[in-house]
Amino acid sequence: MKASELKITKKLSPLYKLERKLNLKTLIIFTIIGAVLTFATTLMFLLVDDMINSMQSIIGDNEEFKNLIDQLLQYNNFASYFITNVGSTWGLIGIIYAGFLGCKLINSNLKDNSYETLYTLEYSRTKILLTKLTRLVINVVIFNLLTAFVGFIGICIIGINQVNIGNFVLYILVSTLVCLMIGMLSFALSCLFKRKYGTILSIVFALAFYFISQFSVMGNNFKAFEYLSPAYGTFAPILEFGLTNFNFVSLVMWLIISAGILAFGIIRFNRDDII
């Protein structure tokens, strides 16, 4: 974005509308990708279910083969299928988007030098950063709600009796919190390292947390990984068991860490020269 466009937009609308305009395209692209993939993987359950039923009818009453199939596919019902397929896909796109957006909100102004105009307006740096942070929160919430809505349409097609609606709502909330924490951390890193922390690094950063969290579902020997990534909630079996076995300690710990690093990043950004 050019500096002249900043001046024009300032006259036409508040800073909030400026950020909405600048980040609308990215929101649309990621939401379409997330929604389409979530819908597709949800409907794929019908194919997987038919395949497993066919295999089990061939195998008969051989419990060893049945257990082997369940272990290989990590499948017992739609709830378990959801976590390993639908939820992981939804979470992957959401986490990448949150990390990317957290960086873009700060880095885009530095990359095209529009910060020279933006940070010389009558708005304080704190107000500008809080406006950008508000845009991060709103966009992440919109992404998750729209993706959840499309996913719910898929659930209705395969049979709504397959899902506990209360648990599905809980999963939406946890997924949104996960994306917000990733976005906050990425936003903070962008404030701290400015141009050194680019969009590619933000995606690598988000993916690192995503893959670390995958280890948390590999058995009791890997439970420690629940504490090593804020993305743990993406793989938590909420749809199947609700919050019964959910690790609240990990969630609260990462909320505190994310908020603390974010506050530190904003303070440093306000004190340092923008270079």
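Position labels on residues start from 1 in each chain and follow its written sequence. In keeping with the predicted nature of the model, local features appear solely for residues at pLDDT of at least 70, side-chain atom pairs appear and are counted solely at 80 or more, and the whole-chain, interface and lining totals rest on all residues. Computation of side-chain values covers all heavy atoms of the structure but excludes hydrogens and water.

Participant: Which residues make up the pattern of salt bridges, and what are the values?
Facilitator: For this analysis, a salt bridge means a side-chain nitrogen from Lys or Arg found within 4 Å of a carboxyl oxygen belonging to Asp or Glu. By the definition in use, this model includes one salt bridge. For Lys223, the salt bridge is made with Glu226, and the minimal N-O distance between the two is 3.3 Å.

Participant: Any chance you could break down the packing of aromatic side chains for me, citing the residues and the numbers?
Facilitator: Pairs were defined over the aromatic rings of Phe, Tyr and Trp, the Trp ring being its six-membered one, requiring ring centres within 6.5 Å. Orientation was assigned from the angle between planes: stacked under 30 degrees, edge-to-face over 60, tilted for the rest. Here the structure, examined in full by the defined rule, presents 21 aromatic pairs. An angle of 35° between the planes, with centres 6.0 Å apart, marks the rings of Phe78 and Tyr81 as tilted. One end of the pair, Phe78, and the other, Tyr81, are both in helix α4 (residues 78-111), three residues apart, so they sit about a helical turn from each other. The same class applies to Phe78 and to Tyr81, which are both buried. With centroids separated by 4.9 Å and ring planes inclined at 25°, the aromatic side chains of Phe215 and Phe225 adopt a geometry described as stacked. One end of the pair, Phe215, is in the loop between α8 (199-214) and α9 (238-241); the other, Phe225, is in the loop between α8 and α9, and 10 residues separate them in sequence. Per-residue accessibility, obtained with a 1.4 Å probe over protein chains only, is compared with the maximum for each type, and a residue is labelled buried under 20%, exposed over 50%, and partly exposed between these values. Residue Phe215 is classed as partly exposed on the basis of its relative accessible area of 33%. Through a chain of ring-to-ring contacts, three or more aromatic side chains come together here, namely Phe45, Phe78, Tyr81, Phe82, Trp90, Phe152, Phe168 and Tyr171. Under the DSSP-based scheme used, a helix requires at least four consecutive residues in state H or I and a strand at least two consecutive residues in state E, with every element numbered from the N terminus.

Participant: Describe helix α10 (residues 248-271), listing the residues and the values that go with them.
Facilitator: Given 3.6 residues per helical turn, the α-helix brings residues three or four places apart onto the same face. Relative to the 34 Å expected for 24 residues at 1.5 Å per residue, α10 spans 35 Å between its end C-alpha atoms, a close match to the ideal helical length. Burial in α10 covers these residues: Ser250, Leu251, Trp254, Ser258, Leu262, Gly265, Ile266 and Phe269. Any pair of N or O atoms that falls within 3.5 Å is considered a polar contact. Within protein, one atom must be able to donate a hydrogen and the other to accept it, and sequence-neighbouring residues count only if both atoms are side-chain atoms. Of the residues flanking the start of α10, the one acting as N-cap is Asn247, its side-chain oxygen 3.2 Å from the backbone nitrogen of Val249. Here the expected span of a helix is defined as 1.5 Å times the quantity of residues minus one.

Participant: Which residues make up the side chain of Asn139, and what are the values?
Facilitator: Looking at the secondary structure, you find Asn139 in helix α6 (residues 125-158). Setting aside residues no more than four positions away along its own chain, Asn139 makes contact with Asn23, Leu27, Tyr97 and Leu101. The contact criterion used is simple: two residues touch if any of their non-hydrogen atoms lie within 4.5 Å.

Participant: Can you break down the nonpolar core residue by residue, with the values?
Facilitator: Take the buried Ala, Val, Leu, Ile, Met, Phe, Trp, Tyr and Cys residues and link them wherever side-chain atoms come within 4.5 Å; each set so joined is a nonpolar core. Residues Phe78, Phe82, Trp90, Phe168 and Phe187 are the most contacted members of the largest nonpolar core, which totals 62 residues. Those elements that provide at least two residues to this core are α2 (15-59), α4, α6, α7 (165-193), α8, α9 and α10. Sorting elements by how many residues they give to this core places α4 first, with 17 residues. In contact with Trp90, not counting residues within four places along its chain, are Thr38, Phe82, Phe143, Asn144, Thr147, Ala148, Phe168, Tyr171, Ile172 and Ser175.

Participant: Run through the environment of Phe82, naming residues and quoting values.
Facilitator: With respect to the helices and strands, the residue Phe82 is situated in helix α4. Once the C-alpha coordinates of Phe82 and Val163 are considered, the two residues, 81 residues apart in sequence, prove to be 9.7 Å apart. Excluding its chain neighbours within four sequence positions, the residues that come into contact with Phe82 are Gly87, Ser88, Trp90, Phe168, Tyr171 and Leu239.

Participant: Explain the confidence of the model for the protein to me, and be specific about the residues and the numbers.
Facilitator: Interpreting fine coordinate detail is not advised for predicted regions of low pLDDT. Per-residue confidence for the protein gives a mean pLDDT of 83; residues scoring 70 or more make up 79%. What pLDDT expresses is the predictor's confidence in each residue, scored from 0 to 100. Here helix α1 (residues 3-12) stands out as the element of the protein with the lowest mean pLDDT, 42, in contrast to α7, whose mean of 94 is the highest. Per-residue pLDDT stays below 50 along residues 1-13; that stretch engages in 16 contacts with residues further than four places along the chain or on separate chains.

Participant: Tell me about α7, residues and numbers included.
Facilitator: If you check α7, its first and last C-alpha atoms are 42 Å apart, about what 29 residues at 1.5 Å a residue would give, namely 42 Å. Counting buried positions over the 29 residues of α7 gives 22, a clear majority of the element. The backbone nitrogen of Gly166 lies 2.9 Å from a side-chain oxygen of the residue at the head of α7, namely Asn164. Note on α7: the residue one or two positions beyond its end, Lys194, has a positive phi of about 50°.

Participant: Can you tell me about unusual backbone geometry, naming the residues and giving the values?
Facilitator: Here Lys194, not a glycine, exhibits a phi torsion of approximately 50°, which is positive. For Lys194, the position within the fold is in the loop between α7 and α8. For Lys194, a relative accessible area of 7% gives the class buried.

Participant: Please set out the side chain of Ser213 residue by residue, giving values where relevant.
Facilitator: Structurally, the position occupied by Ser213 is in helix α8. Ser213 gets classed as buried once you look at its relative accessible area, which sits at 0%. A distance of 2.5 Å separates a polar side-chain atom of Ser213 from the backbone oxygen of Tyr210. Beyond its immediate sequence surroundings of up to four residues, Ser213 is in contact with Ser229, Ala231, Tyr232 and Phe235.

Participant: Which residues make up a nonpolar patch on the surface, and what values go with them?
Facilitator: Residues Leu24, Ile28, Ile32 and Val36 make up a contiguous nonpolar surface patch of roughly 360 Å² in combined accessible area. Judged by its relative accessible area of 51%, Ile32 is exposed. Patch definition: residues above 30% relative accessible area lacking any salt bridge, with like charges linked at up to 9 Å and the nonpolar side chains Val, Leu, Ile, Met, Phe, Trp and Tyr linked at up to 5 Å. We get accessible surface area from the Shrake-Rupley algorithm with a probe of 1.4 Å; when it comes to residues, only the shown protein chains can shield them.

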